[in-house]
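# Examination of the molecular architecture
Spelled out from the first residue to the last, the chains are:
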Amino acid sequence: MNIAKQVFEGVYEVGQNIATINLTPGSNVYGEELVKMDGKEYRIWNPFRSKVGAAIKKGIKEMHIGQGSKALYLGAAEGTTISHLSDIVGPEGMIFGVDISARSMRKFIYLCEKRPNLVPILADANQPMTYKEHISNFSIDVLFQDVSQRNQAEIFLRNARAYLKREGYGYLSVKVRSISHSERAEKIVEDEVSRLRNEFEILQVIPLEPFEKEHAMVVCKKR
Ligand SMILES: C[S@@+](CC[C@H](N)C(=O)[O-])C[C@H]1O[C@@H](n2cnc3c(N)ncnc32)[C@H](O)[C@@H]1O
């Protein structure tokens, strides 16, 4: 394990793992391993803790995010996945992280203090206009969503209409069992995808097993 190979902008293979270059060398975020190599410090990205990480391991074809990107992330929680995206967008980029839980937000704010490219927003993602003053001056290149709600596609569409630029990219993590306990998983994912089709071109639908049971990542592009 002595050469890191870039697989996407800002994403590397380090041995069997994926990793990002640590924007805050010397500190980790969620107990992930730090690996020093070629004068850089890499943070190992755990696909069992991050659906974007899982989608990369499961063969995502492209990552539409890089140095300087502006992103909106719904369901920031304590910042596990966002911390890797923060490494990728670097000091010129910006990521707005929305979460409804005050408890998670408290930990996320602590992370934002260390990483100036992260902006915490305590809000309900169902109501994108309530955080307009934070975001409306920015053109959002990429929208990520990982919220455990019944109306996942609807939340995604509302935010995309409000903030995502035309031809911007979306990454919707569909948590099947937040939508129905009885319906077949494939059918639930299909239904969520079909809700996006009018407004998005669907690029990839990636089942996230074995990293996340009954979850899929929908990668799409705004028309
Ligand atoms: C599975 S966790 C997200 C994990 C995170 N994406 C990561 O990988 O680091 C789901 C999060 O969605 C948040 N959430 C649920 N409903 C929400 C809503 N209506 N608006 C904003 N956040 C919401 C929860 O508080 C929780 O933190």
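In case you missed it, the structure is sitting above this.
Note that this is a predicted model, so its numbers are computed, not measured.

### Some words on the site of the ligand
If you check the shell around the ligand, you find 19 residues, and the closest are Tyr73, Thr81, Asp99, Asp124 and Gln149. Contact between the ligand and Tyr73: a nitrogen atom at 2.7 Å from a side-chain N or O atom of the residue. Between Thr81 and the ligand, the recorded distance is 2.6 Å, taken from a side-chain N or O atom to an oxygen atom. Protein coverage of the free-state accessible area of the ligand, which is 600 Å², stands at 85%. Classifying every residue of the shell around the ligand gives seven nonpolar, seven polar and five charged.

### Structural notes on the side chain of Ser178
Summarising the element assignment, Ser178 is placed in the loop between strand E10 (164–175) and helix H6 (185–196). Judged by its relative accessible area of 18%, Ser178 falls in the buried class. Dropping the residues within four chain positions of it, Ser178 is found in contact with Ser148, Gln149, Arg150 and Gln152.

### Brief notes about the packing of aromatic side chains
Scanning all chains against the criterion turns up seven aromatic pairs. On the numbers, 5.8 Å between centres and 25° between planes, the contact of Tyr73 with Phe144 is stacked. Of the two residues, Tyr73 is situated in strand E6 (residues 70–74) and Phe144 in strand E9 (residues 140–145); the sequence distance between them amounts to 71 residues. Residue class for Tyr73 comes out buried when judged on its relative accessible area of 4%. Plain terms: the ring middles of Phe156 and Phe200 are 5.3 Å apart, the flat faces sit at 45° to each other, and that makes the pair tilted. With Phe156 in helix H5 (residues 152–163) and Phe200 in strand E11 (residues 200–207), this residue pair connects regions lying 44 residues apart in the sequence. Residue Phe156 shares its accessibility class with Phe200, and that shared class is buried. Each member of the aromatic cluster is reached from another via a ring pair, and the members are Tyr73, Phe144 and Tyr171.

### Comments concerning unusual backbone geometry
The omega torsion of the bond from Glu209 to Pro210 falls at 5°, within 30 degrees of zero and hence cis. Relative to the helices and strands, Pro210 is located in the loop between E11 and strand E12 (215–222). The phi dihedral of Ala77 is positive, around 50°, even though this residue is not glycine. When you line up the elements, Ala77 lands in the loop between E6 and helix H2 (80–89). In this structure, Glu214 takes a positive phi of about 50° despite not being glycine. You can see Glu214 is positioned in the loop between E11 and E12. A relative accessible area of 25% means that Glu214 is categorised as partly exposed.

Thresholds, definitions, all that
- Residues numbered from 1 in each chain as written.
- Predicted model: local features only at pLDDT ≥ 70, side-chain atom pairs only at ≥ 80, totals over all residues.
- Heavy atoms only, no water.
- Near = heavy atom within 4 Å.
- Polar contact = N/O pair within 3.5 Å; in protein donor to acceptor, adjacent residues only side chain to side chain.
- Areas by Shrake-Rupley, 256 points an atom, 1.4 Å probe, with all protein chains shown as cover.
- Nonpolar A, V, L, I, M, F, W, Y, C, P; charged D, E, K, R; others polar.
- Helix = DSSP H or I, 4+ residues; strand = E, 2+ residues; numbered from the N terminus.
- Buried < 20%, exposed > 50% of the residue type's maximum accessible area, 1.4 Å probe, protein only.
- Contact = heavy atoms within 4.5 Å.
- Phe/Tyr/Trp six-rings, centres within 6.5 Å; stacked < 30°, edge-to-face > 60°.

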